[in-house]
Each structure stands twice: as C-alpha cells, then as structure tokens.
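# A look at the structure
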Amino acid sequence: MLPHELTALLSADASTRDAAWQNFVAAYSRLLLDTARSVHSDYDAAMDAYSYLLEQLAQKEFRRLRAYNPDTGSRFAAWLVVVARRICVDRLREKYGRAGEPQSLRRRLADLLGSELDPDTTADPSLKNPESELRKRQLADALATAFSRLAPSDQLLLTLRFEDELSAREIGQILRLPTPFHVYRRLNAVLADLKTALERGGIYGVEP
Amino acid sequence: MTEHLTVDEVALHLEGRLPGADQSRVDRHLTECAECRAELVALSRVLRRNRGRRRWLTPAAALAVAAAAVLLFIIIPSTPEPSYREPAVSTTPAPVAITPRGPSRGVTRLVWTRVPHADRYRLTVFDSSGTVVSESQTTDTSAAMPVLHSGTRYFWQVEAETGFHRSIKSDVIEFVFLK
C-alpha cells in the first residue's frame, strides 16, 4: 500500500499539487536530510544536496517517485532512502568523478585463526627465498578457498567485521542478529569452521 | 562481479525482507562489492536514526492528542511509580570503555570515560557465552579487574546511572585477558 502522502501527491491535479508536495516534503524531510548527510559530512554540502534531491524527486511530475512499486515488498521509506542516496551519490560523481578504490583496511582473518596462519607473517621477511614465497602463496590460496566455501551470509559477516571493521552491534543490526553476543557467537563459530577447513587442507601452523 | 544491487534489493535487505533464494545471491554480491556494502551500511544507519522518530502530526491531530492527554490527566488518578521502567531517552553521552580492549596483557583495572551527572557506574563482565562473570558498582570511572582466566575472551559493559531509574550504557567491548 502507498503511504497517504504519496498517494495524495501522485493523484494531485494542478490545483492541489503544491499542497500535496509540501505535505510529502514535511513527512519525509528529516529522512531525506539524513540521507543527504550520509553522503556529505559538511553541513552546507548536505543542505545543498538536500535541495537538489527535492528538485530531482519533483522533476517530470514526480517520475522517480512514481517508480515505487509496493508489490516488491519493500516499505516506501526504505525504498526512498535508497533512491535518495543514489541521486546524491550520482551528483557527487558527476562533479568529482568516481573515488579511487579505498585503501583496504582488511585485518587479516588469519590473525584470528592464529597468527601462524597469516600468510604475511608466516615467513620471516628477511628470508625472501622462493620456498617461503611459495608457502605464502599457498597459505593465501588455501584461505581464499576456505573462505569461498563458507555460506554467503557467513562470508558477508566476516567481511563486515574484518574488512569494514564494523562494531558487533552494527553488524547485528544489518544482519538482523538480535544482540552483539549473537554476532560474536556466530563469528566464533564461523572462524572455527574456517580453521577446521584449513586444517583439513593440511594447514596447521608455520611449519609446512 | 555481477551488476550492483537494485534499489528494491537494497530496500528489502535493509528491512530483512529478501526472499530466501535472493538472500544468498545478495549476500554474495555484498561480500564482493564494497560500494553496495557501503550503501547498505550508510542507509541502515539513516533508517535506524529515524526509526524511533514520530511522524509529523497535523495541527488538528496534535491538538486532539494534547486535549486527550489533558483529559486523561484530569480523569485518571495518579498511579504509583512502577517498580521498573526502561531507561529514559536521553541526550547524555554514553560512557566509553577505554581499557581493556582487544588483547590486554597485564591490565589490572577497567577504565571508562566520565558521564556528566552520573552518580554511580555499574560494571558487568561477561564471558563469550553471555554469562555474567562479574558485576560491581562504583562512583569512580575505573574498577579493579575481576579474577579472570588468562587467554580467554571476555566482554564488558559499563552502565552510568544519571538519575532515578535513568541510566545509559556503553557499547559491549571485547577483550582477551592475558596475565
């Protein structure tokens, strides 16, 4: 079902359109402003993006808003924030181009599986010989293979934790786990599975 | 990598409403695509901040609510204070755990930041199954480390009491106690 502000807006005629638009903006301005702020930390830039956002949503008789289809199952507010953020991000890209790939912050999973499994720390850096390089590559490959065999939800869990470095609380909110403890328990279980998988592949420690 | 997630896929994921078959595919994409992950994380924060907020009320509706509240206040006799109520919504900053965090060797005290107007702090240490290992109260912003097993993962949280039945909690912090 469409929210009533949207229904009123999309069915408004020329005489009631302005009032319906004002009602719509009043109902969703906070959400849209927060969405603009999620892209721009600077206050002025966020306000500027918010104005642009309203312009874009109103354009061509609310063409973008007409694209909402409640039959997909998503609530309008969730749908709207996705559309709004994409409008802000696209504008940013038009102005400044795409940002380069961010520096990876990945804390290696191997740290939690025991430092002995970390490909970067397994070999003595002073010993740059072909054998240690090969060993490093084998360990990295084994880790990548074991990771790829995890369930997609577990891969995402590990990525959010060790690549994006989100807190357990935030991961819980994103993955619908009720408390940080559930996140930690799941993490421990997945890491144990990963370690077992590596051990099955003959990887126990530093020594080959 | 497959194409980025659609608006509907992100919206449904934000609400936990993706059908099971799509969930795996979307999770796999999110694992590989930092851009879609960043979008999901940012919008999850936006929705969370707005979830508790009330929608606007028309002046007429607001007036009706106010009138009803006044009538209730007049008609219904006051009831005694319940023995327990949820912590009040507050703008008071939560205490921030300073130490221990992560692997902690030789740490003898748990330390956190001061919360304005807090008259007492309640400290809880849990093990990884969520079982309470130690509970204590103090007016200070530190407390002695309880007796713990070396090499074991624990969690701790501090709750600042800022008034009668009012309190605010820190995040749950993970640490590994090392002697």
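Residues numbered from 1 in each chain as written. Chains lettered and ligands numbered in written order. Predicted model: local features only at pLDDT ≥ 70, side-chain atom pairs only at ≥ 80, totals over all residues.

### Let's talk about the nonpolar core
- Judged by nonpolar contacts, the single largest core of 50 residues is most densely connected at Leu-53, Val-81 and Val-82 of chain A.
- The element contributing the most residues to this core is helix α4 (residues 76-96) of chain A, with 9 residues.
- Sequence-distant contacts of Val-81 of chain A, that is, excluding residues within four places in its chain, are made with Leu-31 and Thr-35 of chain A together with Leu-43, Val-46 and Leu-47 of chain B. (Core = buried A, V, L, I, M, F, W, Y, C linked by C-beta atoms within 7 Å. Buried ≥ 20, exposed ≤ 12 C-beta atoms within 10 Å, placed from the backbone. Helix = DSSP H or I, 4+ residues; strand = E, 2+ residues; numbered from the N terminus. Contact = placed C-beta atoms within 7 Å.)

### Notes on the interface of chain A and chain B
- Residue-level contacts link 34 residues of chain A with 36 residues of chain B.
- Going through the elements one at a time, α2 (17-39), α4, α8 (152-163), α9 (168-175) and α10 (180-200) of chain A are the ones with two or more residues in the side of chain A that touches chain B.
- Sorting elements by how many residues they give to the side of chain A that touches chain B places α2 of chain A first, with 7 residues.
- A per-class count over the side of chain A that touches chain B returns 16 nonpolar, 11 polar and 7 charged. (Nonpolar A, V, L, I, M, F, W, Y, C, P; charged D, E, K, R; others polar.)

### Details of the confidence of the model for chain B
Residue and element names in this part refer to chain B.
- Here chain B averages 79 in pLDDT, and 75% of its residues register 70 or above.
- Of all secondary-structure elements in chain B, the lowest mean pLDDT belongs to helix α4 (residues 59-75), at 55, while helix α1 (residues 7-14) reaches the highest, 92.
- Taken together, the stretch residues 54-58 has pLDDT below 50 and engages in 5 contacts with residues farther than four places along the chain or on a different chain.
- Across residues 76-90 the pLDDT falls below 50, and counting only partners more than four positions away or on other chains, this stretch makes 8 contacts in the model.
- The ipTM value of the predicted complex is 0.78, and its pTM value is 0.59. (pLDDT = per-residue confidence, 0-100.)

### Notes on the packing of helix α3 (residues 43-66) of chain A against α4 of chain A
Residue and element names in this part refer to chain A.
- The N-to-C vectors of α3 and α4 enclose an angle of 115°; their axes lie 10 Å apart at closest approach. One element, α3, and the other, α4, form an angle in the roughly perpendicular class. Classified by chirality, the crossing of α4 by α3 is right-handed. Mapping the contact onto sequence places Ala-49, Tyr-52, Leu-53, Gln-56 and Arg-64 in α3 and Val-83, Ala-84, Ile-87, Cys-88 and Arg-91 in α4. (Axes fitted to C-alpha atoms, helices over the stretch in contact; angles between N-to-C directions. Parallel < 35°, antiparallel > 145°, perpendicular 65-115°, else oblique. Left-handed = near helix turned anticlockwise from the far one by under 90°.)

### Here's the deal with unusual backbone geometry
- Note that the residue after Thr-99 of chain B, namely Pro-100 of chain B, is joined by a cis bond; omega there is 5°.
- Secondary-structure assignment places Pro-100 of chain B in the loop between β1 (97-99) and β2 (102-105).
- In the Ramachandran plot, Phe-62 of chain A falls in the positive-phi region, its phi being about 60° despite a non-glycine side chain.
- As for its placement among the helices and strands, Phe-62 of chain A is situated in helix α3.
- Phi is positive for Arg-176 of chain A, which is not a glycine, with a value near 65°.
- Arg-176 of chain A sits in the exposed class, given 10 other C-beta atoms within 10 Å.

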